[in-house]
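Coordinate inspection notes
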Amino acid sequence: MALGVPVGSGGQSVPKIKYEKYTLPNGLEVILHEDHSTPIVAVNTWYHVGSGDEKLGRTGFAHLFEHIMFMGSEHVPVGVFDKELEAAGGDNNGSTTEDRTEYHEVVPSNALPLALWLDSDRMGFLLPTMDLPKVDLQRDVVKNERRQSVDNVPYGRSEEVILAALYPKGHPYSWSVIGSMADLSAASLDDVKNFFRTYYAPNNATLAIAGDFDPASVKTLIRQYFGDIPRGPTLPARPNVPVVELAKDTFLVMEDKVQLPRAFYNWPTVKLFAPDDAALDVLASVLTSGKNSRLYKKLVYDMQVAQNVRASQQSSRLAGYFQIDVTPKPGQSLGSIDAIIRQELQRLVAEPITTRELARVQNSFRSSFLNRMSSVQNKADILNSYNYLAGTPDYIQQDAGRYDRVTRADVQRVAGAYLTKPKVVLTVVPEGKREMMLTATGGAK
Amino acid sequence: MSRRPLYLGAMAVLVFQTPAVAQNAPIDRSHSPVLGPPPKVSLPPIATRQLPNGLKLIIVEQHELPLADFILVIGSGGTVDPTGKAGVANLTAAMLTEGAGKRSSLEIADQQAFLGIGLNTGSNWDASTISLHTPTAQMDSALALFADIVLRPTFPMAEFERIRKNRLTDLIQIKDRPTVIANQAYASILYGSTHPYGQPLIGTEASINSIVSTDLVNFYKTHFFANNSTLIIVGDVNPDQIERKIASMFGSWQQGAVAEYHLADAPKAGGTTVYLIDKPGAAQSSFRIGSIGVPRSTKDYFALTVMNTILGGSFTSRLNQNLRETHGYTYGARSGFDMRRAAGPFTASAEVVAAKTDSGLIEFMKELNAIRDTVPAVELQKTKRYLQLGLPADFETTQQIAGALVPVALYNLPLDYYNNYVQSIEAITQADVQRVAREYINPASLVIVIVGDRKSIESGVRAVNAGPLSIRDFTGQPVSQ
């Protein structure tokens, strides 16, 4: 593998991922990356639709639809998809975010035509055999996924409460990807058909293939399997969302089956790849990544008043927010922890971080880029991701470079620009313990 | 959100072939394409070395990226926690990065982040492990830190008190998580509270409160010997050079007498019993069903692997097809044999929507009975291909290869174990599958743990009549009804 130019002091360079990209006449984008180090191939398909494209009253539908894509198509009876792949030694999965829906198969290299047959059939021929029982079955599975990952998990419902408070009503990110039980119940067979016709067309998809294949024969196979799938109608205009600004702080409380309370602070910030996005990522690491990070060291290591504290810049295609969450140790008050968090944030606004703090974070980011390139499925997904979100598959070195360019002054500046603005604070409290809630005056016992 | 939970697969590396494709032939979509022969499995060569002090090295070269993975496997884990002090191995591992050589806890954390390396310590039943993932550009500094942690931990008292408080709070928070409650109660009921396997690896409130720093120092001094350890090295390294480097750093590591241990016999299995644990308001019921299984040394390893994959070891396995894809009762159902030095548990499990707890139990029992009948040849064939042909994908990254070699080190598997894997699976017949199903899965003698909302599920569970019902608390102990 060819190495790129080393960046930063003493770090490891981030290699380029070589690729070829072209578009079929029906609009399907194809990205190919050869890697013969292991005799396997990853086929990774992105449909450029996610929960952000859902209508009010149908939250969770994009993810439910992802499940339905495994329920058989005209030439692939229900159940055959997984059976054929397992019999060939392959594995598969799918995932949904606010912005996109992703499907992948990882197969021994001889089974590449099988993966293309399966993926092209559901892209071109899903509806002829679709019926309500199939939808109902996956509706039940998805409701159980929600129970297992949200309802039956401590603090699990916090995300949907935060999103609804952080984004204005109707904003594409104002509901969670998993959606509400009521909306999942409401999804109809007609919804499935309309969604497929609107979004599941070759001109709204990108097929990335990485691994051990012969480039000439794979192009023939792609043309044969995908070339005759008709182009879909022009896609509906994407929602044009203004930058989110909160007028004032909002304090919320939610009771849950938990032993300890947990506070979540949320500030609107910027979207993925916006100029301040990387500096906010660095800021999050400075606050809570490792024992020497500001908040972890103070609250968890030195004072030992918190069990855990985490920070992250959560940025997606249309918007982003910065989140800190903290869980006090038994008997410790959120109010006094809140005062310390405010102090530490003020200190970040008042003076720059040290060079050592910046170096630790930058070096860790640089390594993480290298680690992301170790499997063909990861590489295919990275190519698809950059293609959609950065406008070109060839972006890993630029992405890594963003973190190398962040300065101490940048971190100080973004702390002041975003974390001093109005925020949404949710306190999840044990049932019957609303007095533990954080308020504008600190409050919280 | 992801379509499915992950299933643990088996493991390799092959030779590439593609069938010729006619350029302009129309594609016949009506059946799956005819595939060329699968690539041959050929795993990367494994070099082994041994230092004079007994430390074994297993080295695999993989030069794709400038990275290297190291896993030090010390052949002692939670099974040899002192009596009444469950959690000692786990705390010992946690304390290794809290002070070592001249480095303080904060200095170790600083160095780790500055180098951009992964450094993790942990323990399971049979081993304590220290793993390092490093870019090769940082390897020398990373190994110096790694050596300090392994050879010169200082167990500072203040750090121990901090870690202990942290662990006690973890134990409080576990009460919020029905899946963890179910796992711990299941182990406790299956093995009883005196057998090590009946105790949680992370300990209990009582055991953590009884542990003092000296317990950890003693655990370290009794088990952390060169001759009780294997260092697995995978990545962009040269075997001779890395051996010299390791010898210079670990050559002075002391040897010692590794104590033999004998586990108390696990309690004899009784008749199938349902243990209901109340988690008021739980949206789902956590099922853990099974019995004491087999040690890793079982002669039936491959037959059990095939049988379990059919029952609950892959997405198309019977349990998942039935409970998820046919009935929609759950997001995923599975089964597995946890094989350790001694016999670990066999467990079938799922999180089932509360309203279908009784129906879920009926379907679990159906499948645990049906697996004892002859498995159709087609199903056996599909399962064998899945295990065999899926092997290469599990040997793709340095981390995967290093991880796959841990059981080789720990259970003294032959170095050609994975090279023979395909043949070993191929040899399994329908009769083998049926024999091990009948020997190891006995529907008349199961422990069935259900953690859920007792008020809404108890009558339904009773009506299924899978066995007498016993109400238990979060730790698996009887409660007065």
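Parameters at a glance
- Residues numbered from 1 in each chain as written.
- Chains lettered and ligands numbered in written order.
- Predicted model: local features only at pLDDT ≥ 70, side-chain atom pairs only at ≥ 80, totals over all residues.
- Helix = DSSP H or I, 4+ residues; strand = E, 2+ residues; numbered from the N terminus.
- Rg over C-alpha atoms; globule rule 2.2 N^0.38 Å.
- Buried ≥ 20, exposed ≤ 12 C-beta atoms within 10 Å, placed from the backbone.
- Expected span 1.5 Å × (residues − 1).
- Contact = placed C-beta atoms within 7 Å.
- Domains from an automatic or database assignment.
- Nonpolar A, V, L, I, M, F, W, Y, C, P; charged D, E, K, R; others polar.
- Pairing = 2+ DSSP bridges.
- Axes fitted to C-alpha atoms, helices over the stretch in contact; angles between N-to-C directions.
- Parallel < 35°, antiparallel > 145°, perpendicular 65-115°, else oblique.
- Core = buried A, V, L, I, M, F, W, Y, C linked by C-beta atoms within 7 Å.

The next point concerns the overall build of chain B. The secondary structure content of chain B amounts to 16 helices and 14 strands. For 481 residues, the compact-globule estimate of 2.2 N^0.38 gives 23 Å, and the C-alpha radius of gyration of chain B, at 24 Å, lies within 12% of that figure. In terms of overall dimensions, chain B has a C-alpha envelope of 75 × 65 × 40 Å along the principal axes. When each of the 481 residues of chain B is scored for burial, the buried share is 51%.

Let's shift gears to helix α13 (residues 376-389) of chain A. Residue and element names in this part refer to chain A. For α13, built from 14 residues, the straight-helix expectation of 20 Å at 1.5 Å per residue is met to within 8% by its first-to-last C-alpha distance of 20 Å. α13 sits mainly inside the fold: 11 of its 14 residues count as buried. All of the buried residues along α13 are Val376, Gln377, Lys379, Ala380, Asp381, Ile382, Leu383, Asn384, Ser385, Tyr386 and Asn387. Of the surrounding elements, those touching the buried residues of α13 are β2 (29-34), β3 (40-47), β5 (101-108), β6 (205-211) and α14 (396-405). Phi turns positive one or two residues past the end of α13, at Gly391, with a value near 90°.

Here we come to the domain arrangement of chain B. Residues and elements named next belong to chain B. Domain boundaries in chain B define domain 1 (47-250) and domain 2 (273-472). Of all the elements in the fold, those that place two or more residues in the side of domain 1 that touches domain 2 are β2 (56-61), β3 (67-74), α5 (178-191) and β8 (229-235). With 10 residues, α5 is the largest single contributor of residues to the side of domain 1 that touches domain 2. Looking at the side of domain 1 that touches domain 2 residue by residue, the classes come out as 19 nonpolar, 9 polar and 2 charged.

What follows deals with the interface of chain B and chain A. Chain B puts 73 residues into the contact, and the matching count from chain A is 74 residues. Secondary-structure elements contributing two or more residues to the side of chain B that touches chain A are α2 (105-115), α4 (157-173), β11 (330-337), β12 (345-353) and α12 (377-389) of chain B. Among the elements that take part in the side of chain B that touches chain A, α2(B) stands out by supplying 7 residues, more than any other. Tallied by class, the residues present in the side of chain B that touches chain A amount to 35 nonpolar, 23 polar and 15 charged.

Bringing the pairing of β8(B) into the picture now. Residue and element names in this part refer to chain B. Burial analysis of β8 places 7 of its 7 residues in the buried class, the great majority of the element. Along β8, one buried face is formed by Ser229, Leu231, Ile233 and Gly235 and the opposite face, lined by Thr230, Ile232 and Val234, is buried too. In this structure, β2 lies alongside β8, joined through 6 bridges in parallel fashion. Note on β8: the bridge partner recorded for Ile59 is Ile233.

Take the sheet that holds strand β7 (residues 250-256) of chain A next. All names here are of chain A. Strand order in the open sheet formed by 5 strands is β7-β11-β8-β10-β9, with mixed pairing between adjacent strands. Because the sheet does not close on itself, it has two edges, and the strands there are β7 and β9 (306-315). Taken over all neighbouring pairs, the strand axes of this sheet differ in orientation by 15° on average, direction set aside. The sheet contact formed by strand β8 (residues 262-268) and strand β10 (residues 320-328) spans 6 bridges and is antiparallel. Its bridge partner lying in β10, Asn266 is registered against Gln323. Contacting β7, β8, β10 and β11 (424-430), helix α5 (residues 158-166) crosses the sheet at an angle of about 150° to β11.

Below, the discussion takes up the packing of helix α9 (residues 277-288) of chain A against helix α15 (residues 408-418) of chain A. Residue and element names in this part refer to chain A. At their nearest, the axes of α9 and α15 sit 9 Å apart, and the two run at 90° to each other. Our classification of the angle between α9 and α15 gives roughly perpendicular. Side by side, α9 and α15 meet where Ala279, Leu280, Val282, Leu283 and Val286 of the first sit next to Asp410, Val411, Val414, Ala415 and Tyr418 of the second.

Glancing now at the domain arrangement of chain A. For an interface, size is often stated in terms of accessible area lost upon the parts coming together. Residues and elements named next belong to chain A. By the assigned domains, chain A splits into domain 1 (20-226) and domain 2 (250-443). A C-alpha centroid distance of 30 Å is found between domain 1 and domain 2. Taken together, the contact between domain 1 and domain 2 spans 33 residues of the former and 28 residues of the latter. Within the residue set of the side of domain 1 that touches domain 2, elements represented by two or more residues are β2, β3, β5, α5 and β6. Class assignment of the residues belonging to the side of domain 1 that touches domain 2 gives a composition of 17 nonpolar, 8 polar and 8 charged.

Here the focus is the nonpolar core. The biggest cluster of nonpolar side chains holds 256 residues, and the ones touching the most others in it are B:Ile232 and B:Val449. Every residue in contact with B:Ile232, bar those within four places of it in the chain, is listed here: B:Ile58, B:Phe70, B:Ile71, B:Val73, B:Ala402, B:Leu405, B:Val406 and B:Ala409.

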